[in-house]
There are 2 protein chains.
Amino acid sequence: MTTAGSESRPTRQQEPCRTREVLDIVGDKWSLLVVRNLSQGPLRFTELKRAIDGISQRMLTVTLRSLERDGILTRTVRNVMPPHVSYELTPMGKTLRQATAPLLEWSITHLTHIDAARATYDARPDTSPT
Amino acid sequence: MTTAGSESRPTRQQEPCRTREVLDIVGDKWSLLVVRNLSQGPLRFTELKRAIDGISQRMLTVTLRSLERDGILTRTVRNVMPPHVSYELTPMGKTLRQATAPLLEWSITHLTHIDAARATYDARPDTSPT
DNA sequence: CGGCATCCTCCAAGATACTG
DNA sequence: CAGTATCTTGGAGGATGCCG
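Residues numbered from 1 in each chain as written. Chains lettered and ligands numbered in written order. Predicted model: local features only at pLDDT ≥ 70, side-chain atom pairs only at ≥ 80, totals over all residues. Heavy atoms only, no water.

**Side note on the protein's contact with DNA strand C**
Let me state the cut-off plainly: Any residue with at least one heavy atom within 4 Å of a molecule or strand is counted as near it. The term polar contact refers here to a pair of N or O atoms within 3.5 Å; inside protein, the definition further demands a hydrogen-donor-capable atom paired with an acceptor-capable atom, and it admits residues adjacent in sequence only when both atoms are side-chain atoms. Working definition: helices are DSSP H or I runs of at least four residues, strands are E runs of at least two. Numbering for both runs from the N terminus. Lys, Arg, Asp and Glu make up the charged group, whereas Ala, Val, Leu, Ile, Met, Phe, Trp, Tyr, Cys and Pro make up the nonpolar group; the residues left over, Gly among them, are polar.
Thr46(A), Thr61(A), Arg75(A), Tyr87(A) and Met59(B) are the nearest of the 18 residues found near DNA strand C. Per the 4 Å cut-off to the protein, sugar and phosphate atoms form 72% of the nearby atoms of DNA strand C. Here a phosphate oxygen of DNA strand C and a side-chain polar atom of Arg75(A) are 2.5 Å apart. Within the side chain of Tyr87(A), an N or O atom sits 2.4 Å from a phosphate oxygen of DNA strand C. Elements with a contribution of two residues or more to the surface near DNA strand C: helix 3 (45-51), helix 4 (57-69) and strand 3 (84-89) of chain A together with helix 4 (57-69) of chain B. A class-by-class count of the residues in the surface near DNA strand C yields eight nonpolar, four polar and six charged.

Written out as structure tokens, the structure reads:
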């Protein structure tokens, strides 16, 4: 059995990038916004729509479906008139929220720095056309 | 001056979503892959291209430029023949890498669960057409 | 109210070819 | 080797209209 990790390759490969899979799940434009807005408790469709500025009805639906499919949140329908549908993070959804927190922290801490870096970069002479 | 935080609004708004800005920086298809591959030290262009399977020359260039502009990594040119260009994470880039680690962890831990959730969802009767 | 179906637009990203 | 330039396309995402 020569199967197990014979690390003879000089190539610097870590495990085949889960990175890609994470991005497939929450790397789109709206998913993390939805998760974030649900972190304080369940919300209804229209409440979410109002909370997430700029999202279209379609994209909210699509995003919610995707997150529901992935087990990140649950969709609860109360069959009344008018309809009442609420969305809530699953336990796994909450752990996801936890996992994204550091990244949020990071952005808050470094956004200024990044803006500065951009300004510097854009001011470079070698970037501008001759 | 009524500027300071008068939190009278009943709306459940946290701070105006940095989430979006993070995604603008690293939410695209390749950025995090690049960052991840550079986390163990500097690499040259072609080394990166080989390491990140499926990336095109163009997208690697574009991604690297963007990350350089944001101050996530540095580009170092040695003017020899043949050309030698290497990319390395800045200190800020390394903190970014740290910040994404939990999310990576999360995906590794939960991907199986997610697959299961998807299977369950797809097996639902109400999803299939009549 | 909370969707789904349809149409349309636009740009991210791939393929290819050329250059310093 | 490390790019840039150009062309092209798929699909993400917006707008609108109808339905239970």
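**Focus on the pairing of strand 3 of chain A**
All names here are of chain A. Where we set the bar: Using a 1.4 Å probe on the protein chains alone, a residue whose accessible area is under 20% of its type maximum counts as buried, one over 50% counts as exposed, and one in between counts as partly exposed. Being paired, for any two strands, means DSSP has found at least two bridges between them.
The element strand 3 is largely enclosed, with a buried count of five among its six residues. Where strand 2 (residues 73-78) lies against strand 3, six bridges are found, and the strand directions are antiparallel. Looking across to strand 3, one finds that threonine 76 is bridged to serine 86. Counting the residues in the hairpin turn of strand 2 and strand 3 gives five residues.

**What to know about the interface of chain B and chain A**
Going by this rule: By the convention used here, residues are in contact when the closest approach between their heavy atoms is within 4.5 Å. Two parts lose some accessible area (1.4 Å probe) when they are put together, and adding that loss for both gives the buried area. Salt bridge criterion: a side-chain nitrogen from Lys or Arg within 4 Å of a carboxyl oxygen from Asp or Glu.
In this assembly, 53 residues from chain B lie in contact with 53 residues from chain A. Between chain B and chain A, roughly 5100 Å² of surface is buried when both sides are summed, and carbon and sulfur atoms account for 60% of that area. Our enumeration of links across chain B and chain A arrives at five salt bridges. A salt bridge links Asp70(B) to Arg118(A); the shortest N-O distance between them is 2.6 Å.

**Considering the UniProt feature "domain: HTH hxlR-type" (unreviewed entry) in chain A**
This is how it is decided: UniProt positions are given in the numbering used here, feature names are shortened, and annotations may be inferred rather than shown by experiment.
Per the UniProt record, "domain: HTH hxlR-type" (unreviewed entry) is found at residues 17-115 of chain A. Its end C-alpha atoms 29 Å apart, residues 17-115 of chain A is made of 62% helix and 14% strand.

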